[in-house]
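Residue-level listing of the chains:
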Amino acid sequence: MSPGARAQQAFRSEPRNVTVRMGATAVLRCEVLRASGTVQWAKDGLLLGPERSLPGFPRYSMIGNPQRGQYHLQIENAQLEDDTLYECQAGPSESSAAIVSNAAWVTMLIPPSKPYFETDLATPWVAGKKYSVMCVAPDAKPVAEITLYKDGVELTGAESFTMSGSKDKLLNTHAEVTVVALSSDNGRQLACRAKNPALYQPVETRVTMSVYFPPLPPVIVGLEREEVKAGRMLVLQCVSHSGNPLATLHWTKNGDVLSTTWEEDDAAQKSSSILKLKITPADNQAELCCESINLVSLSPLSVSRKITVLFEPEELTLSGSLAAIEGQELSVSCYASSSNPPVDIRWWLGYKELNGTVVAMEEGANGGMTTMSNMTHRVSREEDGLKLTCEAFNKGTHFSKTQISQLSVYYPPQKVWLDAPPQDVPLRSGTTVRLVCFSTGGNPTGTLTWFKNGRAVPDASKQTSFDMGVARELVLVLTASDNVATYRCDSTNKAKKTISAHTKLMVHFTAVSMKITAKQEVLRRGEVLTLDCLSGSSNPKASISWSMGPLRFQGVEQAPRRAQFGGVSVISSLSLNLSSQHHNQKVICQAYSPVLAEGANTFFQLNVLYPPEFSPDQPAEVQVVEDDMATIPLLVSANPEEVSCIWLHRREKLVKEGDLRYHWSDDYSLEIKNVTRKDAGVYTVECANEEGVKQTSIKLDVQYAPSVKAEKDPVLVNLGETADLICVADANPILFGMFSWKWLGEGEVELEEETQEDESGLLTIRDVTRAHAGLYRCTANNGIALPASVDVRLVVQFKPQLQKGPQWRKVGSRGDGTATAEVVCQAEGIPRVDFSWEKNGVRLDFASPRYEERTVREGSFHTSTVRVVNVSAALDYAVFSCTARNSLGEDKLDIQLVSTNHPDPPSSFRQVGVTHDSVTLEWIPGFDGGLRQRFRMRYRWAQSISSLYMDVFPPSATSFTVTGLQPVTTYNFSVNALNAIGESGYADNNAVLTITTKERPEPEEVPSDEDSVSQSASGLPAYLAAVLTAVLGVLLVSNSLGCYFGLRWKKRRGLTAGGREGSVLDGKKNEEEGSSQSTVRNSNKYESREKINTAAQRTLLIDSGSETDSNAYESYAAERSHYYYPTGEYMPPLSPHREETRGLDVTRLPVDSQSHVYEDVRDVGLYRDIPAFLPQQRNDWPTSPQGTERLKHFMDVQQLQRDSDLPFELRGELV
């Protein structure tokens, strides 16, 4: 090695302190002479590494020419963390010791963040107050300097201090200054500027100041003069300038607020309020005031104006009489109500001004003056009708008001005369006579008044006028009082002078009065009555006659006498022998005038006293319906009419207090409310008054609706015997044929023989069957109110009959000691059925805690349930015998408790309905193998390549509609059952149901071209062609996996065939879920649409031996299956699945009635877990090795365990 190579390494240049702004690039120089050791940089004692790129420090690198020993440290995008001490070091080498440079500082310049105010500037200031303003410039290095400005003018006297920033080495600068708020500051800018060496330009924050200050005093605009006329609409504006906020304004009048609305004009900095005031007299001398105020006003500012209102008098009244008799003085007054200024009053009569007036003024309302003017004037006849005018003039408003009335001057009438019949001509009473009075002259015209014998006649007609005067007519219908009467007509007016004219009349009239008097006061039957008739005044004399009803009598007359109205009167007498028929009869007396050919009459009503008498029309019998009101009329007459009647029923006296239902009307009839059948019978009535006593009898017949009761209920009869059902009616009347019988059960039952014996209805049923059992209704109807009914139950007694369908003969359950099974036996029988149980011929001991028996009875059905706890294959897989017995016999059923297995085939598979494109089928489910079973439909037609399959939905349904069929096509249908273990054979020993669909109904419209091509070239439906295409695609893509699936399938089939020697258990799941298996319950009651054994999640593989070739194996598919039951009649679209066949290049799967390819796939969850295998997703088959492994994972079948690996009781051996 040369001496030069061994020389000591040294620094040619060493790093120096550097100051850099944040984000800039800093370079620390380091140049080493004869560098032989490793050169690297140390940051604050931490070595950064020898590589020039400095890994781990993306912003750091060593730059320069390494051949010249340049190892300059470059720091890009400098940050605060780079502010520290740096050293350049050259490590030792064989030829040189290590060297370390001088330490150099990198000093970072960090600009401050945007400054901000800590003072609350959102709340407005108040002018005149002092406020402390603080601004903060955060996170600066070195410390930032803060300057505060107001509207561009620097604020002096600010004090600053620093505090730690958000990071180490960063500082916050706080600057505080005291500001006195001025009104001129409102809206000005307050700025905070911060700067330090890291900034080229200061950073600034601005806020707008908001300062509250009071407004200027308001002014009123629009009131040029203080005098305002009433009625004017005065519009005033109050304006208040300046102020922040702008002033609120309100108007007052005499201290009362008029308006509190105002408008603000921010641009003009003013508030204004418009006052619209309709001036009235009441506003005279009113003071209007406008006040302004804002939030900072010490007190409201106001301006006031007083107004003087000029107004006219509201009223001008003319008082005093405006009528006078000629030559008299007229005195009237004119009054003007309050006005401002007071009015001047002038008088006018026609066109002539009157000066004789006296005026007086007084203070009036609203600060005005009232004026009163009194005027006197002597009137003459020529001034009649002239207008008298009072005029009031207001000098302030230049307005005048007048009041005008007409003057009347009175003077008396001049002449009066009459138009009347001659005084010596007789007039007939009742004749209409017209008397007319005429008057001329006078002012006003005369008022005419008629008088009769000096008394005013009130009913004279209305006075009428004519050219020269007035007339008034008196229309008289002549009466006796008009004979020789004097009629006078007076004419007068307001001149208080009267003139008259008069006349007399002669009148013929009939008797003015008639009166009959009796000589005895009390009249009794059998006595003689004498009556006197007095005829009043008549002109000329009248003739007297008597009558009573159709009878006429001649009385005895006395000599006539002079009477009133210038006429004469006459008296006549009559005698009568009295009887009860005379009571209330009228005896008439008539006075007849031959001259007038008319007369007058009066009557005397006879009041003849006699004892009670019953009318010949009195009814002997009264009928009434029960609950109605019964009225028993009593047609009795008597005088006096105060008759007391006593009613007797069944020799007992009826009184109202004894029964509130009794009521006696005013005519003594008896009313019985809510009459009952007990009220029927004969009623005796005894009536009496002061004159005597009499009695009679009346029968009351109460009719009522039937009430029915059964003579015997229920009616018990043995099967095959005769049943007699009897109902008895209580009714009135009892009618023939009033009974009818009705069967109330379902279906129709012939009612053989219906008879009636008086009040009893009889229904006879011979050779009774069980179909006759049930309710029968007996109805009775006699036409009164509603029919009555009673229900009679016929109970047909028969020996027990057990339910013995296939679903009743087996019960499936695991035998591992964790499950619970229920063996159900149901019998129908009457009377009560009792049950007894045997197991393998030995009576079952229910004292054992493993066996419980419970019996439920509902009507004729009796159900006995034996609950087997902790089912053991060794102990409980047996035949349980149920015996049901009653007094008529017994029945027996053997029920086999077996291992869970695949279901038995359904039975009674039949057609329910058929249309052109659908078929509805139903069946009876078989034994479900102890697990939840579902059903699958298989069908095909002559042209189909293979059968189609469709799962029944809901799974538990026992009827199903296959849709999408072709019209007029023959189909073969089959159905089988499936559960988690396997599937059954097809119903009815693999029977096929052949059904032909109907013709398609006439189409409503022509199908489109697109519909016409929906069929494939082979004639198959479009959806079948699509399915075939999808299946072929799947088969082609899965060719590489065919062998694998075939081998696995064969292996599984082989294990299944050896099911008698082995079983499958998933040990892990058995351990995890074993604790919950004891809650599983199984029952042999499998009725249609009933969810069976819902708690069962797993089943044990056991060859029960209950069926030939039945292999059961445990499956966990049931745990992962979910059924969604729709609400209502929802039927989801179910796509049929073709029966699978594989091509020649894949494994062939044998197809038989017990096994199909999709079953194996389903059991391992292929349909659920691998959606890529669905035909419509055939292009998504996995092609990569990972995809193949995933497919194997999903298709893998659990390996069967050896039978010997299971406990003995779980090996599936039937004991």
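Residues numbered from 1 in each chain as written. Predicted model: local features only at pLDDT ≥ 70, side-chain atom pairs only at ≥ 80, totals over all residues. Heavy atoms only, no water.

An unreviewed UniProt entry lists the protein chain under the name Nephrin, with Stegastes partitus given as the organism. Quoted verbatim from the Subcellular location (unreviewed entry) field of the UniProt record, the comment on the protein chain reads "Membrane". For the record of the protein chain, the UniProt heading Sequence similarities (unreviewed entry) holds the text "Belongs to the immunoglobulin superfamily." (UniProt positions renumbered as here; feature names shortened; annotations may be inferred.)

(A) Geometry of the overall build of the protein chain. A tally of regular secondary structure across the protein chain gives 10 helices and 95 strands. Relative to its full complement of 1215 residues, the protein chain shows a buried share of 43%. Put simply, 66% of the contacts in the protein chain that link residues at least 6 apart link residues at least 24 apart. With an accessible surface of roughly 63,900 Å², the protein chain has 50% of that area assigned to carbon and sulfur atoms. (Helix = DSSP H or I, 4+ residues; strand = E, 2+ residues; numbered from the N terminus. Buried < 20%, exposed > 50% of the residue type's maximum accessible area, 1.4 Å probe, protein only. Contact = heavy atoms within 4.5 Å. Areas by Shrake-Rupley, 256 points an atom, 1.4 Å probe, with all protein chains shown as cover.)

(B) Broad picture of the environment of T920. As for its position among the elements, T920 is in strand β87 (residues 919-924). For T920, a relative accessible area of 22% translates into the label partly exposed. Counting along the chain gives 42 residues from T920 to V962, while the straight-line C-alpha distance between them is 6.3 Å. What T920 contacts, discounting residues up to four positions off in sequence, is Q911, V912, G913, F960 and T961. A polar atom in the side chain of T920 sits 2.9 Å from the side chain of T961. (Polar contact = N/O pair within 3.5 Å; in protein donor to acceptor, adjacent residues only side chain to side chain.)

(C) Region of interest: a negative patch on the surface. Judged by side-chain charge, E263, E264, D265 and D266 come together as a negatively charged surface patch. Note that E263 resides in strand β27 (residues 263-265). Given the relative accessible area of 59%, E263 is considered exposed. (Patch = residues over 30% accessible without salt bridge, like charges linked within 9 Å, V, L, I, M, F, W, Y side chains within 5 Å. Salt bridge = Lys/Arg side-chain N within 4 Å of Asp/Glu carboxyl O. Lys, Arg positive; Asp, Glu negative; His and termini not counted. Charge placed at Lys NZ, Arg CZ, Asp CG, Glu CD.)

(D) Structural view of the sheet that holds strand β38 (residues 387-394). Within the open sheet, the 4 strands sit side by side as β35-β34-β38-β39. Their pairing is antiparallel. Looking at strand neighbours, the two that pair on one side only are β35 (352-354) and β39 (399-406), the edges of this open sheet. Taking each pair of neighbouring strands and ignoring which way they run, the sheet shows an average axis angle of 30 degrees. (Pairing = 2+ DSSP bridges. Axes fitted to C-alpha atoms, helices over the stretch in contact; angles between N-to-C directions.)

(E) Representation of the state of the cysteines in the model. Overall, the coordinates contain 9 disulfides when judged by the stated rule. Each disulfide pairs two cysteine sulfurs, and for C334 the partner residue is C390, the sulfurs being separated by 1.7 Å. In this structure, the disulfide formed by C334 and C390 twists by about -85 degrees around the S-S bond and is classed as left-handed. With C334 in strand β33 (residues 329-339) and C390 in strand β38, this residue pair connects regions lying 56 residues apart in the sequence. Its relative accessible area of 0% is what places C334 among the buried residues. (Disulfide = S-S within 2.5 Å.)

(F) The arrangement of the pattern of salt bridges in detail. One pass over the full model with this rule turns up 42 salt bridges. A salt bridge links D659 to R661, with the shortest nitrogen-to-oxygen separation between them at 3.1 Å. For D659, a relative accessible area of 21% translates into the label partly exposed. Overall, the relative accessible area of 19% leaves R661 in the buried class. Each of K43, R59, E81 and D82 takes part in salt bridges that share partners, so that together they form one network.

(G) A look at the sheet that holds β87. The sheet built from 3 strands is open, its strands ordered β86-β87-β90 with antiparallel pairing. With partners counted over all chains shown, the strands left at the sheet margins are β86 (907-914) and β90 (959-962), one partner each. Here the average twist between neighbouring strands, direction ignored, is 25 degrees. Here 5 bridges tie β86 to β87, and the two strands are oriented antiparallel to one another.

(H) Fine view of the packing of aromatic side chains. Evaluation of the coordinates by the stated rule reveals 14 aromatic pairs. With centroids separated by 6.2 Å and ring planes inclined at 55 degrees, the aromatic side chains of Y662 and W664 adopt a geometry described as tilted. On the accessibility criterion, Y662 (9% relative accessible area) is buried. In this structure an aromatic cluster arises from ring pairing among Y939, W941, Y971 and F973. A cation over a ring is seen here: K586 above F603, with NZ or CZ 4.5 Å from the ring centre. Sitting over the ring of Y704, R677 keeps its end group 3.4 Å from the ring centre. (Phe/Tyr/Trp six-rings, centres within 6.5 Å; stacked < 30°, edge-to-face > 60°. Lys NZ or Arg CZ within 6 Å of the ring centre and 35° of its normal.)

(I) Up close: unusual backbone geometry. The residue after N443, namely P444, is reached through a cis peptide bond having omega -5 degrees. For P444, the location among the structural elements is in the loop between β43 (432-440) and β44 (447-452). In the segment running from D713 into P714, the intervening peptide bond is cis, with an omega of 0 degrees. Among the structural elements, P714 can be located in the loop between β70 (692-710) and β71 (715-718). One non-glycine residue, L54, adopts positive backbone phi at about 45 degrees. On the secondary structure map, L54 appears in the loop between β6 (46-47) and β7 (60-63).

(J) Just the pairing of strand β60 (residues 598-605), in detail. Sheet topology places strand β59 (residues 586-593) next to β60; 8 bridges connect them, and they run antiparallel. By the bridge assignment for β60, C589 is matched with T602. Following β59, the chain reverses through 4 residues before pairing antiparallel with β60; A597 in that reversal takes a positive phi of roughly 55 degrees.

(K) Focus on the environment of G441. Here G441 lies in the loop between β43 and β44. Exposure remark for G441: the relative accessible area of 22% places this residue in the partly exposed category. The spacing of G441 and Y411 is 30 residues in sequence and 8.9 Å in space, taken between C-alpha atoms. Not counting chain neighbours up to four residues away, the residues in contact with G441 comprise P412, P413, Q414, G446 and M468.

(L) Representation of the nonpolar core within the structure. L28, W41, L73 and Y86 are the most contacted members of the largest nonpolar core, which has 27 residues in total. Only β2 (18-21), β3 (26-28), β5 (39-43), β7, β8 (72-75), β9 (85-90) and β11 (104-109) provide two or more residues apiece to this core. Apart from residues no more than four positions distant in its own chain, L28 is found in contact with P15, R16, V18, W41, H72, L73, Y86, A104 and V106. (Core = buried A, V, L, I, M, F, W, Y, C linked by side-chain atoms within 4.5 Å.)

(M) Geometry of the confidence of the model for the protein chain. Considering every residue of the protein chain, the mean pLDDT works out to 81; 82% of them sit at 70 or more. Contacts of residues 1049-1135 to residues separated by more than four positions or lying in other chains number 201 contacts, the stretch itself having pLDDT below 50. (pLDDT = per-residue confidence, 0-100.)

(N) Here's a closer look at the environment of S864. Following the sequence through the fold, S864 ends up in strand β83 (residues 861-868). Its relative accessible area of 0% is what places S864 among the buried residues. Spatially, the C-alpha atom of S864 lies 8.5 Å from that of A827, the residues being 37 residues apart in sequence. For S864, the contacting residues outside a window of four places in its chain are V823, V824, C825, F835, W837, E853, R854 and T855. Within polar-contact distance, the side chain of S864 engages the side chain of W837 at 2.9 Å.

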